[in-house]
Amino acid sequence: MLSILTTRVASRNVASPVGMAAARLIRRGYHENIVEHYENPRNVGSLDKNDKSVGTGLVGAPACGDVMKLQIKVDENGIITESKFKTFGCGSAIASSSVATEWVKGKSVDEVLSIKNSDIASHLKLPPVKLHCSMLAEDAIKAAVKDWKEKSAAGVKVDVKQEKVAA
């Protein structure tokens, strides 16, 4: 119930005054890294999905209802120059998305495939019940790279397909 009261869409609060009080209580149980990325998410937004240099990964976890869209913009050398996300879900999902977008910038598309959910979870100090959030972030990175590679190989617009991930 409390997670419902504190749910956010990217950087927009949808919490009631009662929910905000509950959020202050919940916040005490989370590591400061989660709280920082939840309250000040980096790289919120969208890139043009029709741009052939943009790869889009859209993943969801049916068990909890979290949905994550992560986009990367790749230059002619295969280096990610920009990344954006939009996430509907709990604070841990938003924090995982924010960290993922920060970590992929400046790396090659092959390098980012080595980013593991365990790395994100360790950095954020996610509690065990929230590990699925870091798994979504890893899956979103892989899906974005896959989409970019398909678009690059085909040289045409590729529609984003939603991938379902068991939580």
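Residues numbered from 1 in each chain as written. Predicted model: local features only at pLDDT ≥ 70, side-chain atom pairs only at ≥ 80, totals over all residues. Heavy atoms only, no water.

A word on the overall build of the protein
Working step 1: When helices and strands are counted, the protein shows seven helices and six strands.
Working step 2: When the elements of the protein are put in sequence order from the N terminus, they spell out α-β-β-α-α-β-β-β-α-α-α-α-β.
Working step 3: Burial status across the protein gives 44% buried among its 167 residues.
Working step 4: Sequence separation of at least 24 residues holds for 64% of the intrachain contacts in the protein that already meet a minimum separation of 6.
Working step 5: Counting every atom, the protein has about 8,500 Å² of accessible surface; 54% of that belongs to carbon and sulfur. (Helix = DSSP H or I, 4+ residues; strand = E, 2+ residues; numbered from the N terminus. Buried < 20%, exposed > 50% of the residue type's maximum accessible area, 1.4 Å probe, protein only. Contact = heavy atoms within 4.5 Å. Areas by Shrake-Rupley, 256 points an atom, 1.4 Å probe, with all protein chains shown as cover.)

Considerations on the pattern of salt bridges
Working step 1: With the rule as written, the count across this model stands at five salt bridges.
Working step 2: With a closest N to O distance of 3.3 Å, Asp110 and Lys149 form a salt bridge. Of this pair, Asp110 sits in helix H5 (residues 109-112) while Lys149 is found in helix H7 (residues 131-154), placing the two residues 39 residues apart along the sequence.
Working step 3: By relative accessible area, Lys149 is classed as partly exposed at 35%.
Working step 4: A salt bridge links Lys142 to Glu138, with the nearest nitrogen and oxygen atoms 2.8 Å apart. Of the two residues, Lys142 and Glu138 are both situated in helix H7; the distance of four residues between them amounts to about one turn of the helix.
Working step 5: Note on Lys142: relative accessible area 35%, which makes it partly exposed.
Working step 6: By relative accessible area, which is 9% here, Glu138 ends up buried. (Salt bridge = Lys/Arg side-chain N within 4 Å of Asp/Glu carboxyl O.)

A few points about the environment of Asp147
Working step 1: Within the secondary structure layout, Asp147 lies in helix H7.
Working step 2: Between the alpha carbons of Asp147 and Lys49 there is a distance of 9.9 Å; along the sequence they are 98 residues apart.

With respect to the packing of helix H4 (residues 91-104) against helix H6 (residues 117-124)
Working step 1: One way to put it is that H4 packs onto H6 with a least axis distance of 10 Å and a crossing angle of 115°. Here H4 is positioned roughly perpendicular relative to H6, judged by the angle of their axes. H6 is crossed by H4, and the crossing has right-handed handedness. Residue-level inspection shows Ala95, Ser96, Val99, Ala100 and Trp103 of H4 in contact with H6, the latter providing Asp119, Ile120, His123 and Leu124.
Working step 2: Broken down by class, the residue content of the contact of H4 with H6 amounts to six nonpolar, two polar and one charged. (Axes fitted to C-alpha atoms, helices over the stretch in contact; angles between N-to-C directions. Parallel < 35°, antiparallel > 145°, perpendicular 65-115°, else oblique. Left-handed = near helix turned anticlockwise from the far one by under 90°. Nonpolar A, V, L, I, M, F, W, Y, C, P; charged D, E, K, R; others polar.)

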